[in-house]
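Structural description and commentary
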Amino acid sequence: MKNIAILGSTGSIGTQTLAVAREQGDIKVWALTAGKNIDLLEQQIREFGPKLAAVWDEADAARLRLRVKDLPVRIESGMDGLIDAASMPGPDMIVTAIVGMIGLRPTVAAIRAKKDIALANKETLVTAGHLIMPLISEYGVSILPVDSEHSAIFQAINGEAENQVSKILLTASGGPFRGKTRGQLAHIRVEDALCHPNWSMGKKITVDSATMVNKGLEVMEAKWLFGVELGQIQVVVQPQSVIHSMVEFEDGSIIAQLGTPDMRLPIQYALYYPYRRPLSGKRLDFFALGNISFEKPDTDTFEGLALAWRAAGRGGNMPTILNAANERAVAKFLDGKLKFLEITQVIHECMENCHYIEHPSLDEILETEQAVYEWIESRW
Ligand code: NAD
Ligand code: MG
């Protein structure tokens, strides 16, 4: 029996984690948390019977408490609810399927409570990799990647512990606007940006894929997870999204992981590592696929990727400045308050103007987030 808790159970990764739990039948779900969707959370509580559930607002928690008063489940709210779900006795592993750097404090709490982390919430590593990775070693827990590229890399280095990785080839679909010019991107609507060619995901990461900021965040995620230098990471556009990433070793051998674009596979691999389990769904058909093609990323058009490289190179709180600016800019784009190309403009301006700290503590990371939000509100 696997014992887990899910932060962000009503989202794309959260619901697919529960789909894996449903299919496998030997996962006990101790806690579920969500932002606002109490209808779906109630259904999940009824199906999976967690001991604890949490939502963001206390008003929603009060409504949910009434709805599930026939069940032995405790309902909490806010950051305390997230931290309780992440650190309660029972689960051995916390699936961080929450979106944004709000996942940072619960992830730290989970590690301190000696839980393994199945990490989807990449924003946590992007902003605080320098604190999270040492904490992982200090508490002797494991961090298992859920992001498909990082799962691919993790699978490719399996059993290669003694061998040096010379390069990580991080694949990218290029998103829905691959091949377009900046002129064409000027009038992108929200619904265009939400149409990813290969993956069905939450709104924020779908927009991040369209700007290619997502790939920049993934470069930083890979750097922390696999302890490589930035110069050892290369982004390779592979539009069919069947090669999920590759690793080149010192002898020039390259190991790739392939499969259909289905997040349940990396989720299941993280949950059961080192074991593989049967998984329903389509298999890759090379004859139907015909071709796998490769391109260089266009960092002139997709400035987000270039900005992320720059933030990663600078280090300190610069990745937090980039990430916080991106979170707020994407939210404003989704609200119709910013144009598509303004997302990277906001990030750029924040990186130029917000206060740089070389070795930020957890509090300084959270202060940087607030400072970036305030700066954006005063300016945009
Ligand atoms: P999503 O928007 O579909 O789901 C996010 C979840 O977080 C929801 O359950 C939502 O209710 C919850 N949440 C949001 N704000 C909250 C708040 N203030 N308090 C409590 N809960 C809150 O997002 P997603 O696509 O599932 O992505 C989740 C994470 O996984 C992100 O970090 C993303 O980058 C990463 N990721 C996602 C995919 C994917 O295929 N969806 C792939 C790789 C990595
Ligand atoms: Mg990914």
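Here is a short report on the structure shown in this document. Along every chain, residues carry numbers that run from 1 in the direction the sequence is written. By the order in which they are written, chains take letters starting at A while ligands take numbers starting at 1. Reporting of local features is limited, given that this is a predicted model, to residues whose pLDDT is at least 70; pairs of side-chain atoms are given and counted only at 80 or more, and all residues count toward the totals for whole chains, interfaces and linings. Side-chain metrics in this entry use all non-hydrogen atoms of the structure; hydrogen atoms and water are not considered.

1. Description of the coordination of the magnesium ion (ligand 2)
To keep it simple, the criterion reads: The rule for donors is simple: N, O or S, within 2.8 Å of the metal, or within 3.2 Å if the metal is Na, K or Ca. Water isn't counted, so a site may look like it is missing partners. Helix numbers and strand numbers start at the N terminus; a helix is a DSSP run of H or I with at least 4 residues, a strand a run of E with at least 2. Exposure classes here rest on a 1.4 Å probe applied to the protein chains alone. A residue is buried below 20% of its type maximum, exposed above 50%, and partly exposed in between.
Within the protein, the atoms that donate to the magnesium ion (ligand 2) are Asp147 (OD), Glu149 (OE) and Glu218 (OE), at distances of 2.1 to 2.2 Å. Read in sequence order, the donor residues coordinating the magnesium ion (ligand 2) give the pattern D-x1-E-x68-E. With Glu149 in helix α7 (residues 148-156) and Glu218 in helix α11 (residues 213-226), this residue pair connects regions lying 69 residues apart in the sequence. In this pair, the class of Glu149 matches that of Glu218, namely buried.

2. Some thoughts on the sheet that holds strand β10 (residues 243-249)
Basically, it comes down to this: What makes two strands pair is DSSP finding at least two bridges between them. Here the axes come from fitting lines to C-alpha atoms, over the contacting stretch only for helices, and the angles between their N-to-C directions go from 0 to 180 degrees.
Strand order in this open sheet of 4 strands is β9-β8-β10-β11, and the pairing throughout is mixed. The open sheet terminates on both sides in strands that have one partner only, identified here as β9 (233-237) and β11 (254-258). Strand after strand, the sheet turns through a mean of 20° between neighbouring axes, direction not considered.

3. Focus on the layout of surface pockets
As a reminder, the rule being used: Using protein atoms alone on a 1 Å grid, points that fit a 1.4 Å probe yet trap it form a cavity, whereas open point sets bounded by protein on both sides within 12 Å along at least five of seven lines form a pocket; residues with an atom within 4 Å of a point count as lining. Grid points are joined across faces, edges and corners, and a volume is the space filled by probe spheres set on the points. Note on residue classes: Ala, Val, Leu, Ile, Met, Phe, Trp, Tyr, Cys and Pro are nonpolar, Asp, Glu, Lys and Arg are charged, and everything else, Gly too, is polar.
Reported here for the second largest pocket is a volume of approximately 320 Å³. For the lining of the second largest pocket, the secondary-structure elements that each account for two or more residues are β11 and α12 (264-272). Ranked by residue count, the leading element in the lining of the second largest pocket is α12, at 4 residues. A breakdown of the residues in the lining of the second largest pocket according to their chemical character gives 6 nonpolar, 7 polar and 6 charged.

4. Digging into the sheet that holds strand β7 (residues 143-145)
This is how it is decided: In this analysis, two residues are considered to be in contact whenever any of their non-hydrogen atoms come within 4.5 Å of each other.
Spatially, β4-β3-β2-β1-β5-β6-β7 is the arrangement adopted by the 7 strands of the open sheet, whose pairing is parallel. If you trace the sheet from one side to the other, it starts and ends with β4 (74-77) and β7, each paired once. Between one strand and the next, the sheet's axes are offset by a mean angle of 25°, whatever the strand orientation. Here strand β3 (residues 52-55) runs beside β4; their pairing, made up of 4 bridges, is parallel. If you follow Ala54 over to β4, its bridge partner there is Glu76. Each of β6 (116-119) and β7 touches helix α6 (residues 122-139); the most contacted strand, β7, lies at about 150° to it.

5. Quick look at the environment of Ser87
Note on placement: Ser87 falls in helix α4 (residues 78-87). The residues contacting Ser87, other than those within four sequence positions of it, are Ala109, Ala113 and Lys115.

6. Examining the pattern of salt bridges
As a reminder, the rule being used: Here, a salt bridge means any Lys or Arg side-chain nitrogen found within 4 Å of an Asp or Glu carboxyl oxygen.
In total, this model carries 28 salt bridges according to the counting rule given. In this structure, Lys122 engages Asp147 in a salt bridge whose closest nitrogen and oxygen atoms are separated by 2.9 Å. Placement of the pair is Lys122 in helix α6 and Asp147 in the loop between β7 and α7, with a sequence separation of 25 residues. For Lys122, a relative accessible area of 5% translates into the label buried. Asp147 gets classed as buried once you look at its relative accessible area, which sits at 8%. For Lys122, the salt bridge identified is with Glu218, shortest N-O distance 2.9 Å. With Lys122 in helix α6 and Glu218 in helix α11, the pair connects residues that are 96 residues apart, well separated along the chain.

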